[in-house]
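Chain by chain, the residues:
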Amino acid sequence: GTCQDHPSLDSVIRLARDRALRSEFVEWKEVTAKADSIAASKGEDAAIRFVLAALGDHHSSYRPPQPPVPAAEVEAAQSPRTRFSERRAAVDGVPIIEVQGWSGSISEGTAAAATLRSQLVDSLAASGCGIVLDFSSNHGGNMWPMLAGLEPLLTEGVLGYFQDAHGTNRAIEKRGSTFLVNGSAQPFAGSELQPRNAAAHIAIVVGPKSASSGEIVPIMFHGQSNVVLFG
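This is a predicted model, so every value here is computed, not measured. (Residues numbered from 1 in each chain as written. Predicted model: local features only at pLDDT ≥ 70, side-chain atom pairs only at ≥ 80, totals over all residues. Heavy atoms only, no water.)

A short note on the overall build of the chain
Along its length, the chain carries seven helices and nine strands. With respect to the three principal axes, the spread of C-alpha positions in the chain is 65 × 45 × 35 Å. Carbon and sulfur atoms form 53% of the exposed surface of the chain, whose accessible area is close to 13200 Å². The averaged location of the 24 negative side-chain charges in the chain is 1 Å from the averaged location of its 19 positive side-chain charges. (Helix = DSSP H or I, 4+ residues; strand = E, 2+ residues; numbered from the N terminus. Areas by Shrake-Rupley, 256 points an atom, 1.4 Å probe, with all protein chains shown as cover. Lys, Arg positive; Asp, Glu negative; His and termini not counted. Charge placed at Lys NZ, Arg CZ, Asp CG, Glu CD.)

What follows is the structure, encoded as structure tokens:
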């Protein structure tokens, strides 16, 4: 209500100042004054979006509270969505898997990862040369189902890092078939299926539509001796 004096906006500003990667480049006195003005004239949602846009990272976003959804619609929305990857026609005998962006529940993500793993196993069964992974239309989302599905292709050990606005690193690591961040295991798993043939060569394709985890997952492969990135 109006008597709350925009508490959610205050929280967003406080968190953005403390945690946002580009916080140091923002003129917070001006942004806060403008946000208060927008909240008074257009509402808190518009003010929150203004603050996030002021960060200039083109990535932070806001999802306002949604009205209650009928139970039947909730149940329909919870049906497993597993088609975020697709096998394409092989070129000169080299299989291609297109990996799209992903968001959803843990159960949906686990099912999606298992589908990707099955596609990977089937693809490598027909080719000892290698594989093409196409991320050129991957807009991002949750990276863990992507990594879980592609786990057999990744080397053991530290794959990369998350770094926060204060320069603190958290290691992203593969141990066996498990992925961890700072030693804590992630909840998504692919499947127990493993390719009969190892991929001698891995080509990863990125493009202008690759974003967020559609960039991060290819980065996890960067530096492997059998991987080349294109695009």
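Observations regarding helix α1 (residues 7–19)
Three- or four-residue spacings in an α-helix give side chains the same orientation, since the helix completes a turn every 3.6 residues. Between its first and last C-alpha atoms α1 spans 18 Å; for 13 residues at 1.5 Å apiece the expected length is 18 Å, and the two agree. Within α1 the residues assigned to the buried category are Leu9, Val12, Ile13 and Ala16. Looking down the long axis of α1, one finds its buried residues gathered within 95° of arc, a one-sided arrangement. Exposed and facing more than 90 degrees away from the buried side of α1 are Arg14 and Arg19. Residues of α1 that are buried make contact with α2 (28–42) and α3 (44–54). (Expected span 1.5 Å × (residues − 1). Buried < 20%, exposed > 50% of the residue type's maximum accessible area, 1.4 Å probe, protein only. Arc of directions from axis to C-beta. Contact = heavy atoms within 4.5 Å.)

As for the pairing of strand β4 (residues 157–163)
For a regular strand, the rule is simple: side chains alternate between the two faces of the sheet. As paired strands, β4 and strand β5 (residues 169–175) are joined by six bridges and run antiparallel to one another. Looking at the pairing, phenylalanine 162 lines up with arginine 170 of β5. In textbook terms, the turn of a hairpin is the stretch between consecutive antiparallel strands, and for β4 and β5 this stretch comprises five residues, one of which, glycine 167, has a positive phi near 85°. (Pairing = 2+ DSSP bridges.)

A few points about the pattern of salt bridges
For the coordinates displayed, the defined rule picks out five salt bridges. Between arginine 88 and glutamate 86 there is a salt bridge, with the nearest N and O atoms lying 3.3 Å from each other. In this structure arginine 88 comes out as partly exposed when scored by relative accessible area, which is 40%. The residue arginine 117 makes a salt bridge to glutamate 151 at a minimum N-O spacing of 3.3 Å. Separated by 34 residues along the polypeptide, arginine 117 in helix α5 (residues 106–125) and glutamate 151 in the loop between α6 (144–150) and β4 bring together distant segments of the chain. Neither arginine 117 nor glutamate 151 differs from the other in exposure class; each is buried. (Salt bridge = Lys/Arg side-chain N within 4 Å of Asp/Glu carboxyl O.)

Digging into the sheet that holds strand β7 (residues 184–185)
The strand order across the open sheet formed by four strands is β4-β5-β6-β7, and the pairing between neighbours is antiparallel. Sheet topology places β4 and β7 at the edges, where each strand pairs with a single neighbour. Relative to strand β6 (residues 178–181), β5 is paired through four bridges, and the arrangement is antiparallel. Residue pairing for β6: lysine 174 is matched across the bridge by phenylalanine 179.

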